[in-house]
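Breakdown of the fold
Read off the chains here:
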Amino acid sequence: MSQSFDVVVIGAGPGGYIAAIRAAQLGFKTACIDQWSNASGGPAPGGTCTNIGCIPSKALLQSSENFEHAGHAFEDHGIKVEGLSLDLARMLVRKDKVVKQNNDGILFLFKKNKVTFFHGHAAFASAANGEYTIDVSAQKPEQVTAKHVIIATGSNPRALPLAPFDETKVLSNDGALRIDGVPKRLGVIGAGVIGLEMGSVWRRLGADVTMLEALPVFLGAVDEQIAREAYKALTRQGLKISLGVAIQKVDVADDVTVHYTDSKGAAESATFDRLIVSIGRVPNVIGLNGEALGLALDSRGFIEVDADCRTNLANVYAIGDVVRGPMLAHKAEEEGVAVAERLAGQHPHVDFNTVPWVIYTSPEIAWVGQTEQALKTEERAYRAGSFPFMANGRARAMGDTTGLVKILADANTDEILGVHMVGPMVSELISEAVVAMEFRASAEDLARICHAHPSLSEATKEAALGVDGRTLNF
């Protein structure tokens, strides 16, 4: 006999579990279905982000940064480290522990908010009388019905047709997080967010890392000035980044040989012990059986939705990576909250222009709003202000002065149009810019706010002052 709910959420990634919790808070009888399993076969809610994405990658980034600091930076602080060695197995155990803590935390939140959780694969079975029937494939098969369905099935890594993932030699983000020994030679196809973060982890731990990027420019979506600073810093650290590359052939044997042409069209080849492929992600609709009900997909395989995340099926919504917009965990969360609140008759709004982006390399890269090149393209009059971390007292004390903060404001109204950062802990600094832009603050507003001294956030204040040409410390 099927169980009946007001709302069923398919997928317990950042968008799905947050949507389920918010729906339950608003008084809906809510269930969430998710198929992720841990090593012992138990439930592992949290989706790609928690299990093989955001959380484990940040754990390894932190561990590898600590290792690099111990080997190279501590001496400047008067700290001598002798006999430094790497225990990679223990580092990976710590990463897995962090993941499990997050898995368990989501299960606790479901219980706390009275969300019924089903561990299994969900697929649409039928629709009748204003309700949807969903089959849950699990050790103990279940069937549920719901008035409203929220699809939050996320995305999968895009494979390179010339070299499908085997997670042994050719790795997705999943395999890249589970390498059991530091490869001497590591290749990375794709110098985007995932490629740079994974490349940074293994370079710090001792790998010789070569990155092959198809685009002719580095981080094309990032403000050009910030991208240049990041490129200089990352290549200075030892990442070898080739741009404008076209992959021709990949031979996988005891090692992996990539044949490609460089930016000038010259034939090249490189041999690696492991190859990470990070060329984007594709929406995950595998096994959902939406086609049986006529669920509409666009030409790229994303579920078609309107501005409020409604699909073409009545009372069926879709959020996160499986729909248009940036493939970011926090974007999915905001859409999840918004959909739950719309079901309750509220009128929330998600503005993609104020969704922040972060790359957790060292230096970190973060931005929100429009880039300078975009403003030039649309011929919008603007003013720019910037401030380098080398002039920031806290950055000097930390021994990490790479990078800058840059603010772009409308030339006539002074409204902040974009904020771009590269430097220490800018993943934490960017939120101030998001708040400012959400409230349509001017650069002058930000410049007039008192910031603690010494703090990295003073660089944001100084960049805002710089829009008017009156920085105080540079």
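Above this note sits the structure.
Let me begin by describing the structure that accompanies this report. (Residues numbered from 1 in each chain as written. Predicted model: local features only at pLDDT ≥ 70, side-chain atom pairs only at ≥ 80, totals over all residues. Heavy atoms only, no water.)

As for the overall build of the protein
Within the protein, the secondary structure is distributed over 13 helices and 22 strands. When its C-alpha atoms are laid out on the principal axes, the protein stretches across 70 × 60 × 45 Å. Counting all 474 residues of the protein, 50% fall into the buried class. Of all intrachain contacts in the protein linking residues separated by at least 6 positions in sequence, the fraction that spans at least 24 positions is 62%. In the structure as shown, the protein presents an accessible area of about 21600 Å², 50% of it carried by carbon and sulfur atoms. Charge separation in the protein, taken as the distance between the mean sites of 44 positive and 56 negative side-chain charges, equals 3 Å. (Helix = DSSP H or I, 4+ residues; strand = E, 2+ residues; numbered from the N terminus. Buried < 20%, exposed > 50% of the residue type's maximum accessible area, 1.4 Å probe, protein only. Contact = heavy atoms within 4.5 Å. Areas by Shrake-Rupley, 256 points an atom, 1.4 Å probe, with all protein chains shown as cover. Lys, Arg positive; Asp, Glu negative; His and termini not counted. Charge placed at Lys NZ, Arg CZ, Asp CG, Glu CD.)

Description of the packing of helix α1 (residues 14–25) against helix α8 (residues 329–343)
It is the contact of α1 with α8, at a shortest axis distance of 7 Å, that shows an interaxial angle of 25°. Overall, the two elements α1 and α8 adopt an arrangement that is roughly parallel. The element α1 and its partner α8 pack so that their crossing is right-handed. Here P14, G15, Y17, I18, A19, R22 and A23 of α1 come into contact with α8, specifically with A329, A332, E333, G336, V337, A340 and E341. Residue composition of the contact of α1 with α8, by class: 9 nonpolar, 2 polar and 3 charged. (Axes fitted to C-alpha atoms, helices over the stretch in contact; angles between N-to-C directions. Parallel < 35°, antiparallel > 145°, perpendicular 65-115°, else oblique. Left-handed = near helix turned anticlockwise from the far one by under 90°. Nonpolar A, V, L, I, M, F, W, Y, C, P; charged D, E, K, R; others polar.)

Things to note about unusual backbone geometry
Omega for the peptide link from S362 to P363 comes to 10°, which places this bond in the cis form. Within the secondary structure layout, P363 lies in the loop between β18 (357–359) and β19 (364–369). The omega torsion of the bond from H453 to P454 falls at -5°, within 30 degrees of zero and hence cis. Looking at where P454 falls in the secondary structure, it is placed in the loop between α12 (443–448) and α13 (458–467). For E379, which is not glycine, the phi dihedral falls at a positive 55°.

Describing the sheet that holds strand β11 (residues 240–242)
A sheet is described by the order of its strands in space; here 5 strands give the open sequence β8-β15-β9-β10-β11, paired in parallel fashion. Each end of this open sheet is capped by a strand with a single partner; those strands are β8 (170–171) and β11. In this fold helix α6 (residues 193–204) packs onto β9 (185–189), β10 (208–212), β11 and β15 (274–277), with an angle of close to 165° to the strand it touches most, β10. (Pairing = 2+ DSSP bridges.)

Quick word on the sheet that holds strand β20 (residues 382–388)
Within the open sheet, the 5 strands sit side by side as β18-β19-β22-β21-β20. Their pairing is antiparallel. Looking at strand neighbours, the two that pair on one side only are β18 and β20, the edges of this open sheet. Strand-to-strand twist across the sheet, computed as the mean angle between neighbouring axes with direction ignored, equals 10°. Together, β20, β21 (404–410) and β22 (416–423) form the strand contacts of α13, whose direction differs from that of β20 by roughly 145°.

Some details on the packing of α1 against helix α4 (residues 88–112)
Their axes nearest at 10 Å, the elements α1 and α4 cross at an angle of 20°. For the element pair α1 / α4, the angle class is roughly parallel. Seen along the crossing, α1 lies across α4 with a hand that is left-handed. On α4, the residues that touch Y17, A20 and I21 of α1 are I106, L109 and F110.

Quick notes on the packing of aromatic side chains
Applying the stated criterion across every chain yields a total of 6 aromatic pairs. On the basis of an interplanar angle of 65° and a centroid distance of 5.3 Å, the ring pair of F218 and Y231 is categorised as edge-to-face. Taken as a pair, F218 in the loop between β10 and α7 (224–237) and Y231 in helix α7 lie far apart in primary sequence, 13 residues in all. Looking at F218, the relative accessible area reads 8%, which means it is buried. Geometrically, the ring pair formed by W357 and W367 is stacked, given 5.7 Å between the ring centres and 10° between the ring planes. With W357 in strand β18 and W367 in strand β19, the pair connects residues that are 10 residues apart, well separated along the chain. (Phe/Tyr/Trp six-rings, centres within 6.5 Å; stacked < 30°, edge-to-face > 60°.)

Some points on the pairing of strand β5 (residues 131–137)
The pairing of strand β4 (residues 121–128) with β5 spans 7 bridges and is classified as antiparallel. Within the sheet, the bridge partner assigned to A123 lies in β5 and is D135. In sequence, β4 turns back onto β5 through a hairpin of 2 residues, with N129 there showing a positive phi of about 55°. Pairing analysis gives 5 bridges linking β5 to strand β6 (residues 142–151), with the strands arranged antiparallel. Bridge pairing in β6 places V136 opposite E142. Once β5 ends, the chain turns through 4 residues before running back antiparallel as β6.

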